[in-house]
Amino acid sequence: MDKEYKSHYYSHVVRIAFFLVIGGVLAVVARGLFLPDTMGQYGHYRGSNIEEQKNVEVRNHTNESCYECHRPIRLIHKAGVHQTVSCEFCHGPYADHIQDGKYVEKLPVKRDMEIKALCLRCHNKVIRARPEDSIKMVAMPQHLEEKKVQTDHNCNQCHMVHDPLLWIKAAREMMGLPMKEDKK
Amino acid sequence: MSVAAHGDTAAAVANYIFPNDLHVHWSLMIVLYPYITGIVAGAFIVSSLYHVFHIKELKPISRFSLLFALAFLICATWPLLNHLGHPERAMSMMLTPNPTSAMAGFGYIYSAYMIVLLLEILFLYRPTVVALKEQASGFMRTVYGILSVGSDNVSEKALKLDHKIISFLAAIGIPMACVLHGYVGFIFGGIKANPLWATPLMPLIFLLSACVSGIAGIILAYTLIMKFTGQPLDVNCIRTCVKFLWGFFILDFVFEMLELFSHFYMATHHWHTLETLYSGPLYVSFWVLQVGVFSVIPFFVLMALSLINWNDKVIAFFAPLVSVMILCQVLLMRWNVVVGGQLMSKSERGATTFHPQWLEKEGILPAIIIMVAPLVILWILGKVLPFWQKDDPAAQQVG
Amino acid sequence: MIDIKKEIQKDRRAFIKNVLGGTIAGSLLLVIPAGAALDSKLPEQLPGMRGDDSVFTEKKFVFIVDVTACIGCGSCCVADKNEYNVPDGNYRTWVERYIIDDHDEVFVDSPNGGLDGYTEPRTDIPFPVRDTFFVPKLCNMCEKPSCVQVCPVGATYKTEDGFILIDKDRCVGCGYCIQACPYSVRYLNPLTRTADKCTWCYHRVRKGLLPACVNVCPVHARKFGDLNDKTSEVYRLLREPHVISVLKPGMGNKPALHYLGLRREVV
């Protein structure tokens, strides 16, 4: 070939190599610019996330937090067999009620048959899988028939929800009936 | 069953599904991702068969298959980006790749492969581009100027250098194509929690099905383009393609069945969960469609096409037809692996169902758009770079 | 006895009087502003955690679920949903009901993850029931977590004190960790579009509180504590000859979540 070319026979290779190197350098620079600050501080993750994780809002408190204000119920709830039942299980999370120590909103109080539904979540005998020794099980409506009350009776007509045996014991005492031995 | 329906999924096999397992997280987009990368890897290997292994019959499609691979490679990330909860954070994969994550390598493997493919196309088309630049004017002249990297030197010395570089790129391109797709198989094969995925054969099966889908894609595209542009078909080239397709498909199909048979024969508790899957939710899509219709029939058609000396018309008719079936087989295989693997709950006691919707974010319509996009890109590429030697003003100079 | 009862009766009357005094007045009476430093009024359920500002604690926390004690009430699920406002249909923790009939057939269900309790008996058991029990599930906090292994961007990680956490500002939402978790405790949070899961209430633990689910469990089926503390209940349980196992031990993930009285049928 006798034709004269403007470029060297290798000039395009040199240019491509040059672009590749520039691209590589840019990639390294971009990495330096965009790498999260605390990445790799403790491991292959953003170290500052640990602090963020610590600061997630605590929404459920403990029964003790509720007792701080709700003193009367504390005496009843803590004395009865329901002492291990969480206030927030039935009433909702503390954080919906109190924010930064200030009252925000009233928590729902369960009424009517909602109460029965809650009771039966733990005490329903028809659901067979229960360690029966740790909890008193009842079959409905046999329990009501057995106790000779109307079958449309709600649980809290006999059982004080915070201490289910409170009124039962009081009634027995009034009637002069012997106290049943507690299971536990 | 007590588990409530959730979106487009519902409990299929009775007993128990973990409550978080009702939803199929990897749906159509993740079916398409290995499908598209598979076509890329397969098409590249077709090109390499000519450039590296000097299968002369494949010369007519050697450059086309590279552009074909490029068109699909450009779209390979689209289904992934559409799938991500936070596509704007996608670059984190390259910024902070987790060395222990199979997925983290994708950004780098993809980029490296893209560079190799682009370079190979640039070098291969350089004499063509230089010649086209002379004929072009205006905008296209600028485009060809960029593509020629500002060089007009097509002397023997320059072409010899180019040829060396092309051979090198094609040679490293083969292992890279294998890595790209074997690696995609490993993304699934490395998940021990999923009994359908967790097999060392997964990368191999993915790789072989990639070759199969790539070759079939090339045969189909080549014959269709030739038919619709009224150009003569190089039937000899098609014959060679069909032979390679048959060869790769034998391996692919045999390994797919071997993998299943091994599980069946060893019958560990993994198999008991897979058994309910294959006889239940996957019965139609796996046994009937993937194995029955789209593997067994193409297997014998390919065998007949390869072993018997048919006349050109028969080849030209059956080769694209069988290619369509093979493409369906691979798509079904991706579906049965990706979606099928997720149907089985990790409770090992039940399977969910999955029916893609048309208009959801990762639905059928987006999937069709993503599958049509490479063809549009290929058409645009064809406007800039000629697919065939006879349209090439510099054809005489190319070795 | 009578004295105590009278006290309680008196308090009950006082309580009712307060409420009857008017809802608003009642609420005001009952709700005394507690002041800013509320945290200090919370009991320190985990000794030595208050005031520990170090990045990683020196403790080795384990979680023990007593399968023999769980009554399936779902208090834990309710507390968990409230603590994190978990979107419906996703579960950080859930309770499974196992029923094994006398033909060795195992029936498992978990309607709404046990969030609404188990209100209905199963009617589809063909043979007499041999055994029934509940199994609460939550993050296993693996020593070798698959989720951390596969996360492509390092958004989920294991702290040096054994918690596996998710940086929701870095998670790309690819779902790989969800695929990799052998226990299916992960889900894609539809609100943040990132992976989410139980953290054993890391934020509570660091404040000296028990995880929300442990705190509310009425039958003490969920136990949480420090193995380095030789006086802790968890240490005692792991030292004594109980039937204690982990889920899917064959996965090799080495969970820190242990199950007391776990049956082989549980997956």
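Rules and cut-offs
- Residues numbered from 1 in each chain as written.
- Chains lettered and ligands numbered in written order.
- Predicted model: local features only at pLDDT ≥ 70, side-chain atom pairs only at ≥ 80, totals over all residues.
- Heavy atoms only, no water.
- Helix = DSSP H or I, 4+ residues; strand = E, 2+ residues; numbered from the N terminus.
- Buried < 20%, exposed > 50% of the residue type's maximum accessible area, 1.4 Å probe, protein only.
- Areas by Shrake-Rupley, 256 points an atom, 1.4 Å probe, with all protein chains shown as cover.
- Contact = heavy atoms within 4.5 Å.
- Buried area = accessible area lost by both parts, 1.4 Å probe.
- Salt bridge = Lys/Arg side-chain N within 4 Å of Asp/Glu carboxyl O.
- Polar contact = N/O pair within 3.5 Å; in protein donor to acceptor, adjacent residues only side chain to side chain.
- Bend = angle between axes of the 7 residues up to and from the residue.
- Pairing = 2+ DSSP bridges.
- Axes fitted to C-alpha atoms, helices over the stretch in contact; angles between N-to-C directions.

Draft legend 1. View of the overall build of chain A. Within chain A, the regular secondary structure consists of eight helices and two strands. Helices and strands appear in chain A in the N-to-C order α-α-α-α-α-β-β-α-α-α. C-alpha extents for chain A along the principal axes are approximately 125 × 40 × 30 Å. Within the span of chain A, comprising 184 residues, buried residues form 37% of the whole. Accessible area of chain A: about 11500 Å², with a carbon and sulfur share of 58%.

Draft legend 2. Expanded view of the interface of chain A and chain C. Tallying the contact residues gives 59 residues for chain A and 75 residues for chain C. Summed over both sides, the interface between chain A and chain C buries roughly 5500 Å², with carbon and sulfur atoms accounting for 61% of that surface. Run the count over chain A and chain C and you get two salt bridges. Arg46 of chain A is the partner of Asp169 of chain C in a salt bridge, and the nearest nitrogen-oxygen pair spans 3.8 Å. If you look at where chain A meets chain C, you find 16 residue pairs in polar contact (both at pLDDT 80 or more). Residue assignment for the side of chain A that touches chain C shows that the elements contributing at least two residues are α2 (49-54), α3 (63-67), α4 (71-79), α5 (87-91), α6 (113-123) and α8 (166-175) of chain A.

Draft legend 3. Representation of the interface of chain B and chain A. In this complex, chain B contributes 24 residues to the contact, which on the side of chain A involves 21 residues. Across the interface of chain B and chain A, roughly 1800 Å² is buried in total on both sides, 70% from carbon and sulfur atoms. Summed over the three residues of chain B that lose the most area to chain A, namely Leu95, Val149 and Asp152 of chain B, the buried surface amounts to 31% of that side. Taken together, the connections running from chain B to chain A amount to zero salt bridges. Seen at the junction of chain B and chain A, the total is 10 residue pairs in polar contact (both at pLDDT 80 or more).

Draft legend 4. View of helix α11 (residues 283-307) of chain B. Residues and elements named next belong to chain B. Roughly 35 degrees is the biggest bend found in α11, and it falls at Leu289. Along α11, the residues that are buried comprise Ser285, Phe286, Gln290, Val291, Phe294, Ser295, Pro298, Phe299, Leu302, Leu305 and Ser306. The inward-facing, buried residues of α11 abut α9 (235-266), α10 (269-279) and α12 (312-343).

Draft legend 5. Representation of unusual backbone geometry within the structure. With omega at 0 degrees, the peptide bond leading from Met140 of chain A into Pro141 of chain A counts as cis. Residue placement: Pro141 of chain A occurs in the loop between α6 and α7 (142-146). Non-glycine residue Asn112 of chain C carries a positive phi angle of around 50 degrees. Mapped onto the fold, Asn112 of chain C is located in the loop between β3 (106-109) and β4 (129-137). Residue classification places Asn112 of chain C among the partly exposed residues on the basis of a relative accessible area of 33%. With a phi angle near 60 degrees, Trp200 of chain C is a residue other than glycine that sits in the positive phi range. Relative to the helices and strands, Trp200 of chain C resides in the loop between β8 (194-196) and α6 (202-205).

Draft legend 6. View of the pairing of strand β2 (residues 94-101) of chain C. All names here are of chain C. Of all eight residues in β2, eight are buried; the element is thus mostly enclosed. Here β2 shows a buried face lined by Trp94, Glu96, Tyr98 and Ile100 and a second buried face lined by Val95, Arg97, Ile99 and Asp101. Strand direction decides the pairing type here: β2 and β4, joined by eight bridges, are antiparallel. The residue bridging Val95 from the neighbouring strand is Pro136, located in β4. Bridge count for β2 against β3 is four bridges, and the pairing is antiparallel. Directly across from Tyr98, in β3, lies its bridge partner Val108. Where β2 hands over to β3, the hairpin turn is made up of four residues, of which Asp104 adopts a positive phi near 65 degrees.

Draft legend 7. Representation of the sheet that holds β4 of chain C in the model. All names here are of chain C. Taken in spatial order, the three strands make up an open sheet running β3-β2-β4, and their pairing is antiparallel. Strands at the two margins of the open sheet, each flanked by one partner only, are β3 and β4. Here the average twist between neighbouring strands, direction ignored, is 20 degrees.

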